[in-house]
Each structure stands twice: as structure tokens, then as C-alpha cells.
Amino acid sequence: MIINNHPFQVNQRGHLEIGGIDTIDLAKKYGTPLYVYDVSIIRDNCKSFVNTFNELDVQAQVAYASKAFSSIAMLQVVNQEGLSLDVVSEGELFTALQANFPPEKIHVHGNNKSVQELSMAIESNVGCIVVDNFYEIELLDRLLRSYNKKIDVLMRVTPGIVSKTHQYIMTGNEDSKFGFNLQNGQADKAFELLHNHEHIRFKGLHCHIGSQIFETDRFKTATDMLFKQLSKWKSLDNYVPEVLNLGGGFGIRYTVNDKPLQLKNYVEALVSAVKLHADELHIPMPEIWIEPGRSIAGNAGITLYTVGSMKKIPGIRDYISVDGGMTDNLRPALYQAKYEGVIANKANQAAIQTVSVAGKCCESGDMLIKDLPVPDVENGDIFAVFSTGAYGYSMANHYNRFPNPAVVFAENGKDKLVVRRETYHDVVKNDLSYE
Ligand SMILES: Cc1ncc(COP(=O)(O)O)c(C=O)c1O
Ligand SMILES: N[C@@H](CCCC[NH3+])C(=O)O
């Protein structure tokens with residue numbers, strides 16, 4: 001039985017299963033809260049993107065946006081699937097290098113890259129730097145001269161598109177901290193600085209219009225706007241881009257209200273939009289790069305919790321509390337994000353009541369799910385939240401000094417710990433006394 005359209009089964013014991021393993025056994029073995037990934041789903045998501053580009057015979061790089069979930073094991077899997085990698089910080093770059101990710105397949109992002117970050121990128125011979133602002137061009141110019149190196153660069157632009165998504169995860173609109181503005185001439189000024197630079201190979205443009213997007217129209221509009229700019233540069237300077245990076249943002253299913261497209265549909269739409277414009281402009285088809293994060297990791301992961309206290313407020317709301325919350329999943333508190341979940345040890349029992357699932361942080365907004373139909377709930381039940389694979393572990397924090405949970409990979413009936421659970425000693429390890 002597939003559960004609520006999430007890609008997981010219920011086994012003969014009536015327990016939720018992931019990667020061929022009983023979640024109740026995993027909770028016993030590793031404790032809760034626990035992030036668990038079905039690695040075969042990660043692999044399938046990677047393949048959907050890569051295979052579609054191959055089928056369409058288009059040169060492409062699918063760069064996993066590692067901000068969604070970065071760990072050594074995750075980056076190893078993504079590398080095995082032939083993807084490139086998008087990193088946005090020294091920490092993400094460091095993790096990639098620790099995972100032996102091929103540096104030439106790493107793309108470095110960031111709206112405030114430090115000298116140290118840029119130096120690390122240049123020294124490790126990363127494949128590409130996505131330049132975000134004028135200050136960064138100045139720094140890069142200085143550093144590349146002192147290293148006497150040449151590097152591939154894309155220019156990140158903000159096309160001025162308002163995507164239908166939460167304001168905090170919108171990035172391509174004009175009023176954004178990211179990238180050069182296409183409308184007000186900033187992109188033209190950056191072009192002057194980048195193309196013909198003796199230490200820079202200016203490969204093309206990058207844009208990312210936002211996250212959790214469910215339709216292809218806005219990607220097409222973004223492509224139109226990039227080509228408007230490229231057509232201008234072609235007539236003025238005969239510039240021909242080798243690469244167009246159209247970012248990530250492909251939506252996934254968190255709840256029944258989310259209606260994601262198949263991943264291949266996004267690729268097909270992007271390819272046809274770029275092809276059309278390239279033909280019109282009489283230039284060869286550029287390489288298409290994309291940066292999916294959520295759509296690679298999101299639906300592959302679940303979080304397991306143990307149910308503790310319960311509280312009924314007659315006529316108002318029934319609460320059940322679990323042993324994690326906004327420390328391991330910040331998204332409900334930050335974006336009012338909605339999730340679905342089940343009592344994993346009663347996964348095929350009928351719902352008889354509606355409860356709201358609270359975390360254990362000292363914060364009223366620490367609610368994981370509101371108004372969820374569930375069977376009879378008892379203390380000690382294991383509660384599973386679906387689609388927590390992206391921006392769960394990666395946005396985990398230490399509020400109330402909670403240690404970060406462990407991460408387990410499950411695949412074809414085997415499980416493996418890939419991130420250790422933090423201990424209280426880990427939590428205080430950088431504290432110094434003041435006596
Ligand atoms: C530049 C860039 N690329 C890729 C992503 C990944 O987005 P998503 O996880 O929605 O695919 C983001 C985050 O929104 C981003 O800012
Ligand atoms: N952290 C966001 C997505 C990243 C948006 C910025 N690039 C989320 O959980 O949805």
C-alpha cells in the first residue's frame with residue numbers, strides 16, 4: 001500500500017517502511033528524532049533530470065543544490081549519479097571536497113562571497129563561479145591576477161519575475177539581494193567588466209526565479225528575458241553564450257494540495273524554450289545547466305519522532321507533542337510550510353480523531369502539523385513526517401540546546417548511519433568558561 005501518495009509502503013506488520021526497512025526498527029536502533037532517506041528515490045530523482053537531457057540530446061549539467069541537504073554521503077550519491085554540484089558557502093564547498101566531489105563539477109554561488117571563500121574556490125580549481133555583484137567582480141579580478149589563473153564565470157541576473165511562492169523563497173524578483181538587475185542596466189555594466197577579461201572566461205548567464213514552483217510558464221518567461229539581454233549583447237559585441245543556467249525551484253509534493261509536474265516536464269519545457277530562442281538568434285544551442293535541490297532530496301526523506309505528552313482543549317484543539325520540532329524542521333515556523341504525517345506503527349489504521357502536532361521547543365509557533373487526522377494515539381508511538389528530505393537537516397539549529405538528530409540512509413533493505421546524532425557534549429563543545 002502506497003501511503004497518501006507519498007512514495008512509501010506499509011508492511012505486513014502495519015508499519016511504515018522506507019527503503020525496504022521497518023521505520024519502527026529504525027527508531028529503536030537509532031533513536032528519535034531521526035532523519036531517514038530512501039536512497040533509491042534520490043537516485044531516481046537524479047536520473048529523471050539526467051536521462052531527460054540525454055534523451056533530448058542536449059548538453060547539460062544537472063547541479064544538485066547542496067543547500068537542500070549537504071552531507072558527505074549525500075554528495076557521494078549525487079556524484080555516483082553523475083550530477084554536478086552547487087555550493088553557496090565555504091562550508092558547503094568544504095563538505096564537497098571532503099566527499100571527493102570532482103572540483104571541476106562544482107559551481108560556487110553566494111551573494112557575499114568572502115576573499116577566503118573565493119580563494120578556496122580558486123585554489124581548489126572549481127568548475128565555475130557564479131558572480132553575483134560588483135564587489136565580487138573586484139575581488140575576483142584581484143585574486144585571479146595574484147594567482148595568475150583563469151576561471152569560468154556565469155553572471156547571476158534577476159529577471160524581475162515574481163514567482164507564485166512564499167515571499168521568503170522568492171529570488172528572481174527585482175527587489176532581491178541576489179544578482180545583477182536586468183532592467184536597470186546593472187547587467188550591462190557587469191558584462192563590460194566580465195567579457196574580454198584576461199582571467200575570466202565569461203560563459204553565460206544564470207538565473208533562479210524561486211523555489212517550490214509548480215508550472216513551467218515562469219521558467220519560459222525567465223528564458224525570454226535572458227535571451228532579450230543576450231540578443232542585445234550579440235548585436236553590440238557579437239557575444240555568444242556557451243551556458244545558460246536556469247536555476248532550480250522545481251516543486252514537490254508536501255501535501256495533497258501540491259500538484260507537482262513530473263521532473264522531466266520541467267526539463268522538456270526549458271529545453272524547448274532555449275532551443276526556440278537559440279534558433280531565432282542564429283546561435284548554437286548553449287549548454288543548459290539547472291540546480292535542483294528540493295526535487296532531488298525532498299520526497300526521499302522522512303523524519304521519525306516519538307510521541308510524548310498529549311493535551312486536549314475541549315472545543316478548541318487536541319495536541320500531541322513529539323521529541324523534535326522547529327530545531328529539526330524550521331520550515332513550518334519560518335514559511336508556514338505544510339506537511340503530512342502518519343503514526344508509523346499504526347500506518348494502516350483508520351483515522352478516528354484530528355490532532356495538531358507540536359514540537360518541544362519553548363515557542364508557541366513550534367507546530368509541525370495542524371489538524372491531522374490520526375488513529376488512536378498513545379505515548380511512545382512513532383510519528384513520521386513526509387517530505388522532510390530538503391531543508392530539514394540543512395536548516396536544523398540548536399534552539400533550546402537540542403542536539404541535531406542523526407541521519408540514516410536506507411536502500412534495498414539495508415540501513416546505514418551517515419550522520420551521527422549530536423551529543424550534549426557536541427552542543428557545548430565550543431563553550432568556554434568565564435569564572
Ligand atoms: C541559486 C539557487 N539555485 C538553486 C536553488 C535550489 O532550489 P530548490 O531547492 O527549490 O530546487 C536555490 C534555492 O532556492 C537557489 O537560490
Ligand atoms: N530554504 C528554503 C529554500 C531556499 C530558498 C533560497 N534559495 C526552503 O526551505 O524552502
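- Going by an unreviewed UniProt entry, the chain carries the name Diaminopimelate decarboxylase and comes from Virgibacillus oceani.
- Recorded under Catalytic activity (unreviewed entry), the UniProt text for the chain is reproduced unchanged: "meso-2,6-diaminopimelate + H(+) = L-lysine + CO2".
- Recorded in UniProt under Sequence similarities (unreviewed entry), the annotation for the chain is "Belongs to the Orn/Lys/Arg decarboxylase class-II family. LysA subfamily."

**Describing the site of ligand 1**
Thought 1: Contacts to ligand 1 come from 15 residues, most closely from Ser211, Gly249, Glu291, Arg294 and Tyr391.
Thought 2: Between ligand 1 and the protein, one listed contact pairs an oxygen atom with a side-chain N or O atom of Ser211 at 2.3 Å.
Thought 3: A distance of 2.9 Å separates an oxygen atom of ligand 1 from a polar atom in the backbone of Gly293.
Thought 4: Coverage of ligand 1 by the protein amounts to 94% of the 400 Å² it exposes when considered alone.
Thought 5: Split into classes, the residues belonging to the shell around ligand 1 amount to three nonpolar, seven polar and five charged.

**Here we look at the packing of helix α8 (residues 217-237) against helix α9 (residues 263-281)**
Two quantities define a packed helix pair, namely the angle between the axes and the distance from one axis to the other.
Thought 1: Two numbers describe how α8 lies on α9: the axes approach to 10 Å, and their chain directions differ by 25°. Relative to α9, the element α8 lies roughly parallel. Viewed along their axes, α8 and α9 form a crossing whose handedness is right-handed. When α8 is examined against α9, the residues Phe219, Lys220, Thr223, Asp224, Phe227, Leu230, Ser231 and Lys234 are found in contact with a partner set consisting of Tyr266, Ala269, Leu270, Ala273, Val274, His277, Ala278 and Leu281.
Thought 2: In terms of residue class, the contact of α8 with α9 is made up of ten nonpolar, three polar and three charged.

**Thoughts on the environment of Asp279**
Thought 1: Among the structural elements, Asp279 can be located in helix α9.
Thought 2: Spatially, the C-alpha atoms of Asp279 and Asp366 are 52 Å apart, while their sequence positions differ by 87 residues.

**Observations regarding the layout of surface pockets**
Thought 1: Each pocket or cavity is described by its volume, and for the second largest pocket that value is around 540 Å³.
Thought 2: Taken together, the elements giving at least two residues each to the lining of the second largest pocket come down to α11 (331-335), β17 (341-343) and β19 (367-374).
Thought 3: Among the elements that make up the lining of the second largest pocket, the one with the highest residue count is β19 (eight residues).
Thought 4: Taken together, the residues that form the lining of the second largest pocket break down as 16 nonpolar, eight polar and five charged.

**Thoughts on the nonpolar core**
Thought 1: Ranked by internal contacts, the top residues of the largest apolar core, which has 130 residues, are Leu16, Tyr64, Ile129, Met155, Phe202 and Phe383.
Thought 2: Examining the composition of this core, we find that eight residues originate from one element, α9, more than from any other.
Thought 3: Membership of the second largest hydrophobic core comes to five residues, among which are Cys128, Val130, Val243 and Trp289.

**Digging into the packing of aromatic side chains**
Thought 1: Going through the model one piece at a time under the given rule, you end up with 18 aromatic pairs.
Thought 2: Taking the centre distance of 5.9 Å and the plane angle of 15° together, the rings of Phe8 and Phe386 count as stacked. Here Phe8 is found in strand β2 (residues 6-10), whereas its partner Phe386 is found in the loop between β20 (382-385) and β21 (406-411), with 378 residues between them in sequence. The burial state of Phe8 is the same as that of Phe386; both residues are buried.

Conventions we followed
Residues numbered from 1 in each chain as written. Chains lettered and ligands numbered in written order. Predicted model: local features only at pLDDT ≥ 70, side-chain atom pairs only at ≥ 80, totals over all residues. Heavy atoms only, no water. UniProt positions renumbered as here; feature names shortened; annotations may be inferred. Near = heavy atom within 4 Å. Polar contact = N/O pair within 3.5 Å; in protein donor to acceptor, adjacent residues only side chain to side chain. Areas by Shrake-Rupley, 256 points an atom, 1.4 Å probe, with all protein chains shown as cover. Nonpolar A, V, L, I, M, F, W, Y, C, P; charged D, E, K, R; others polar. Axes fitted to C-alpha atoms, helices over the stretch in contact; angles between N-to-C directions. Helix = DSSP H or I, 4+ residues; strand = E, 2+ residues; numbered from the N terminus. Parallel < 35°, antiparallel > 145°, perpendicular 65-115°, else oblique. Left-handed = near helix turned anticlockwise from the far one by under 90°. Contact = heavy atoms within 4.5 Å. 1 Å grid on protein atoms, 1.4 Å probe; cavity = no way out; pocket = protein on both sides within 12 Å on 5 of 7 lines; lining within 4 Å. Points joined across faces, edges and corners; volume = space filled by probe spheres on them. Core = buried A, V, L, I, M, F, W, Y, C linked by side-chain atoms within 4.5 Å. Buried < 20%, exposed > 50% of the residue type's maximum accessible area, 1.4 Å probe, protein only. Phe/Tyr/Trp six-rings, centres within 6.5 Å; stacked < 30°, edge-to-face > 60°.

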